Structures are given as structure tokens and as C-alpha cells.
Amino acid sequence: MQTLNNLSRSLIALEPASTLIAVIEMSLSSWLVAGIVPGIERQPLKKLAVDESALLRLLHRWREEAEKVGCRIERIVVAFEAGRDGFWLARWLKARSIEAHVIHAASVAVSREHRRAKTDRLDAELLKRAFLGWLRGERNHCKVVAIPTLKDEDAKRPSRERESLVGEQSRIVNRMKAALIRLGIRGFNPKLKRAAGRLDSLRTPEGEPIPPNTLAELRRDMERRRLISNQIRQIEEARLKHFEQAPNDGPHAMVRLLARVIGVGIETADMLVHEVLSRNMHDRRAIARYAGLTGSPDESGRKRREKGLARSGNGRVRRGMVQLAWRFLTYQKESALAQWYRARTENARGARKPMIVALARKLLIALWRFVWQGVVPDGVVLRPAQ
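These lines cover the structure that appears in this document, whether it is placed above or below. (Residues numbered from 1 in each chain as written. Predicted model: local features only at pLDDT ≥ 70, side-chain atom pairs only at ≥ 80, totals over all residues. Heavy atoms only, no water.)

## Side note on the pairing of strand β8 (residues 303–309)
This is how the line gets drawn: Note on pairing: DSSP must find at least two bridges between two strands before they are called paired. Strands here mean DSSP runs of E at least two residues long; helices mean DSSP runs of H or I at least four residues long; both are numbered from the N terminus.
As defined by bridge partners, strand β7 (residues 295–300) adjoins β8 across five bridges and the pair is classed as antiparallel. By the bridge assignment, proline 297 is partnered in β8 with glutamate 306. From the end of β7 to the start of β8, which pair antiparallel, there are two residues, and glycine 301 there has a positive phi angle of about 65 degrees.

## Side note on the nonpolar core
The criterion, for reference: Definition used in this section: a nonpolar core is a set of buried Ala, Val, Leu, Ile, Met, Phe, Trp, Tyr and Cys residues joined via side-chain atoms within 4.5 Å. Relative accessible area decides the class of each residue, using a 1.4 Å probe on protein chains only: under 20% of the type maximum gives buried, over 50% gives exposed, and in between gives partly exposed. Only heavy atoms matter for contacts: two residues are in contact if any of them lie within 4.5 Å across the pair.
Membership of the largest hydrophobic core comes to 45 residues, with the highest contact counts inside it found for Leu258, Leu272, Val276, Met321 and Leu364. Taken together, the elements giving at least two residues each to this core come down to α7 (250–258), α8 (266–277), α9 (284–291), α10 (315–331), α11 (336–345) and α12 (352–373). Considering each element in turn, this core owes the most residues, 14 residues, to α12. Discounting chain neighbours no more than four positions away, the residues touching valine 276 are Met271, Met281, Ile287, Tyr290, Val317 and Leu364. One finds Leu58, Cys71, Ala100 and Val102 within the second-largest nonpolar core, a separate group that totals 28 residues.

## Some remarks on the sheet that holds strand β1 (residues 19–26)
Quick note on the threshold: The axes used here are C-alpha line fits, helices contributing only the stretch in contact, and every angle between their N-to-C directions lies in the interval 0 to 180 degrees.
Read across the sheet, six strands follow the order β3-β2-β1-β4-β5-β6 without closing on themselves; strand pairing throughout is mixed. Strand pairing shows two members of the sheet lacking a second neighbour, β3 (45–49) and β6 (144–145), which therefore form its edges. Sheet topology note: the β1/strand β4 (residues 75–81) ladder contains six bridges and is parallel. Across the sheet, leucine 20 pairs through a bridge with isoleucine 76, a residue of β4. Strands in contact with helix α1 (residues 52–68) are β1, β2 (30–36), β3 and β4; relative to β2, the strand with the most contacts, it is inclined by about 20 degrees. This element, helix α3 (residues 120–135), spans β1, β2, β3, β4, β5 (99–103) and β6 of the sheet and lies at about 140 degrees to β1.

None of this, on its own, says anything about what the molecule does.
Set out below in C-alpha cells:
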């Protein structure tokens, strides 16, 4: 049965007399730990080196101080903001029977003063205040993110690495084309197999060959592009191999099911499954919010306007869905979603780009229902099951 993420507020009643609360303001060089210790009037603040064992000793010491004054600690709760350190500390603390939460950094309210004071101590106080409201079960104090397992995090790496490599490959190709255009040479495609052998025969409009330093730079760029192409091919081959070894594994079964939709390839299906569709979302609104495909209204008094996409969700999902929406119009012309898009853009000037975002949002929700509930979107053509 699908278990939903309910992270907008704590579902466990807060008992202040038996709960030790700590928040961590994390940086690369140090951790600042702020605590609320039952029975102790002062609220301790301790700066530590980046050392999880030292943090555990500090929490145990605060628990002993509380028990000395007659407060029995039954629950230790630790929170910190999501950032460079990822989720390893939360998993490490949970393995040692300490409740750990990771807070979305942008959800913590801060002062809107022009030059507000900002220090680690003040940030820790803001984090502690927001986390206390969340623990009391009050909404909108902060947003807590789901903590993935190490296996879940590792499953995202191939798709993300491939995306990074494809971007790097495009930058190399664009840099090579720009170097040739500076010399007046156009129409040369560096991605062809025999492109390296044609460099020596290229001539500028003056009839001169490519200068030696530029030629050496182009050859090095071609070697880099060849290496990156091989790495992309290795990632794709390794993914297909994993699918063959465990075709009915949870995420793999989702990918195979999603790839049956004509217009959705293995790469897109793999990205969508590991980034968003494998998550246990409440409803269609949560899916759209996570992808950052919702609007950001600006309303005050009589003013009513839309500032555009919120861009607060997963950027990879948002970019992938917008690209998929354009492909969907080509490969699924008879689907209800494609007809809905055409009906609203046929006679509306300048509406194609805004409406493609709406189509991407509707398509993501439809694919989510298809993966979780087996509901095939109206008019969508599927490949035969293999």
C-alpha cells in the first residue's frame, strides 16, 4: 500500500519536559549546535569541529545534565538545513536511536530588513524557532524534506552524471565552433566521426590553414569530447544491464512501464522515476509543486498578476518535463492532452510557451497516475509490453 509523505508538521505530540531538542548550523569547517535542554533555563550553544562523534557526545552530555535536575529524557530530536552535506548525518543519527530531520533551507522565514545581521548564532536561533513550531504540529513554520536511503541516493547518480556530461559535451562543441567561426570557417561539424581528420584540410577565407595553436586546441577539445561520449555510452550500457538483471525491481518496473509511452525514452523515464515518481506524494498538487511547475501569484488589493513559475522545486524534473511536453505533441498527436493544448493555442497569439508549461504539469500528473494507479492517459498510445 502506498505510504504518503506527511512532512508539513510533526505527527508526534511534543512533550517539552522529556524532549531534548538540538539544531545544527552547518558549515564546511565547523558546526554550531544550539539546544533546548529540559530542566535547564539556559539554552546552550556549542561550536564543534565537523565530527559526528563529538556531536553524539554533546547530545549525551546534555541528556545527563537534564537527568541530574530530575528530567527524564525520552526523546532526542536533531534538525539541520539541507545543503552540501546531504543526508548522511541524518541517517547516521537515526542508526543511533536519535530522531533526525532535514529542513528545507528556503522555508525558514528571515527578516526582510535591507541589511539584517547574519551570523551562525542568529541563523541557529531562527532555525530553532522554526523547528519548534514544526514539532508542536503547527503548519507553515518550515518544511522538512524526506530523507532518502543510501541506495535511493545512489540510484540517481547515473542520470545526473549523464546530464552533466551531456552539458559538458555541448559546451565543448560550441567552443570548437566558436573558435572556427573566429577564423571565418563555418559548416564544420565536430561531432562527425571523421571530423578530426578534416581539420588539416580546413582553410580560412584567405586560403590559410588553421593556426598551429588553434589547431592544437581543437584537437584537445576533440579528445575531450570523445572521452565524454565514451563515458555517456558506458552509463547507458550499465543502466540497460541493470534493467536486464532485475527487470521487476521496484524502480526498474516503473521505468519499463513508463517507457512504454511512445515519446518517452529510457533516459527520460529513468530520470522521472528516480527524481519524482518513486516518491510517495499526497496528490496532484504535491507533484506539481515538487517539480516547480506551479505559478507564483502576486496579489494585493486590486492588483492581480502572475510572476511566472515558482522555480522552487526540482529543476531537473522541470526541465525534463518541458522538453517531454514538446516531444509529446509530436508523438501523441491524438491524445486528449495534445488536443487540449492545440485548442487553447490555435487562435491565441503568444500562448504557446505559457501553455507548454501547463501541458508539462498536466502530463506529469498523468504519468504519476499511470505509474501508481495504472490509469492510462486518454488517447495515449503505448508500446507493446515486453
